Amino acid sequence: INPYVLITPNKTRRNQLQQSKLSFAKKELDDLEQWKEEHRPGPIKLVPQRLGGKESEAQARQKQQMMLMQSKYQQKCKREEYVKAKKAAEEAEVLKKKAIQREKAERLEVKKRQQEMQRREMFLEDQYYKTNELLNRLDLGLPKSDSCQIANRGPESTAW
């Protein structure tokens, strides 16, 4: 009791299939040959003419050589132009970056100047108030007379 079933090939059927395949392939090849024969182009009828213009072979070769040299020169020029354009673009980018940095530095400088001015104004204002406060305290501490000197001290000493 085997789970596999073995079917033996039928030789006559196999030979028939091979023959039909071969005959079909031969028929297709014959059809192709027949189609080629039917669609074969006819003879070409052209009036003979001289080709290559009025130049001799030496002149044509010289012209080719000149064109080759010119193309090499043009390639070199294109390469140089590309390099110049690339350098110019890089230089423009560097200049742009420099301008941005310069602008930042100028803004920072302006900001520093403003802070310095603000600091000076605050210092002067504070100095003004302190001076006034000191003068007010001195005025309150002095006698009510109009004289600025205190009696019996020396001529060089004053109330200030």
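The preceding data block contains the structure.
Residues numbered from 1 in each chain as written. Predicted model: local features only at pLDDT ≥ 70, side-chain atom pairs only at ≥ 80, totals over all residues. Heavy atoms only, no water.

A. Expanded view of the overall build of the protein chain. Helix and strand content of the protein chain: two helices and zero strands. For the protein chain, the proportion of its 160 residues judged to be buried stands at 0%. Carbon and sulfur atoms make up 56% of the accessible area of the protein chain, which totals about 17,100 Å². (Helix = DSSP H or I, 4+ residues; strand = E, 2+ residues; numbered from the N terminus. Buried < 20%, exposed > 50% of the residue type's maximum accessible area, 1.4 Å probe, protein only. Areas by Shrake-Rupley, 256 points an atom, 1.4 Å probe, with all protein chains shown as cover.)

B. Quick peek at the pattern of salt bridges. Inspection of the entire model under this criterion finds seven salt bridges. Here Glu 93 ties to Lys 97 by a salt bridge, and the two come within 3.7 Å at their closest N and O atoms. Here Lys 97 and Glu 93 lie together in helix H2 (residues 57–141), a separation of four residues that amounts to about one turn. Under the relative-accessibility criterion, Lys 97 is labelled exposed at 51%. Residues participating in the shared-partner salt-bridge network are Glu 116, Arg 119 and Arg 120. (Salt bridge = Lys/Arg side-chain N within 4 Å of Asp/Glu carboxyl O.)

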